[in-house]
Amino acid sequence: MNAPERSAAFLLDEDIGEVKITYAADTKVSNAGTFTFNKEDHTIANLLRMQLLRDPNVRFVGYMHPHPLIHRIDLRIQTTSSTVAPVEVLSAAIEDLANETDHLTTQVTEAIANWRKDNEGGVMGM
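Throughout what follows, the structure given in this document is the object of discussion. Just so it is clear, the structure is predicted and the values come from calculations on it, not from any experiment.

In spatial order, the strands read β1-β2-β4-β3; together these 4 strands make up an open sheet with antiparallel pairing. The strands lining the two open edges of the sheet, one partner per strand, are β1 (21-25) and β3 (58-64). Ignoring which end each strand starts from, the neighbouring axes of this sheet average 20 degrees apart. Taken together, the 5 bridges between β1 and strand β2 (residues 32-38) define a ladder with antiparallel strand orientation. Paired with A25 across the bridge in β2 is G33.

Written out as structure tokens, the structure is:
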């Protein structure tokens with residue numbers, strides 16, 4: 001079959017030294033840079049983009065997925081001042097997303113526990 005291996009979409013190739021994230025600072029703008037995420041797609045890129053746009057220190061953020069068969073995302077970030085680095089705002093965005101995920105997990109666990117407590121007699125009261 002003439003199809004790439006499914007695992008090639010999400011497993012890093014350690015034999016060639018593939019890394020998950022690389023950063024390249026912009027040579028023309030001091031407060032901008034591009035992060036390359038290997039083995040990722042629109043799911044994580046759009047999540048990061050939306051979280052970064054909430055940050056008042058971010059002037060611009062956008063991402064590019066070069067081709068559907070290339071499992072790479074290029075995320076470009078420009079901050080509002082040269083005192084705040086793109087690495088700092090990305091790190092803060094990832095931490096905020098982790099906190100939101102933890103909060104969501106807690107809320108779902110509590111809702112399931114409450115539902116089970118309310119429905120101890122079985123489904124439909126039987």
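Let us now look at the nonpolar core. Counting residues in each nonpolar core, the largest one holds 15 residues, and the members touching the most others are F37, L52, L75, I77 and L90. Put simply, the parts of the chain that give this core at least two residues each are β2, α1 (42-53), β3, β4 (72-79) and α2 (86-118). Residues contacting F37, with those up to four places away along its chain left out, are K20, I21, L48, H71, R72, I73, L75 and L90.

Scoring rules and cut-offs
- Residues numbered from 1 in each chain as written.
- Predicted model: local features only at pLDDT ≥ 70, side-chain atom pairs only at ≥ 80, totals over all residues.
- Heavy atoms only, no water.
- Pairing = 2+ DSSP bridges.
- Helix = DSSP H or I, 4+ residues; strand = E, 2+ residues; numbered from the N terminus.
- Axes fitted to C-alpha atoms, helices over the stretch in contact; angles between N-to-C directions.
- Core = buried A, V, L, I, M, F, W, Y, C linked by side-chain atoms within 4.5 Å.
- Buried < 20%, exposed > 50% of the residue type's maximum accessible area, 1.4 Å probe, protein only.
- Contact = heavy atoms within 4.5 Å.

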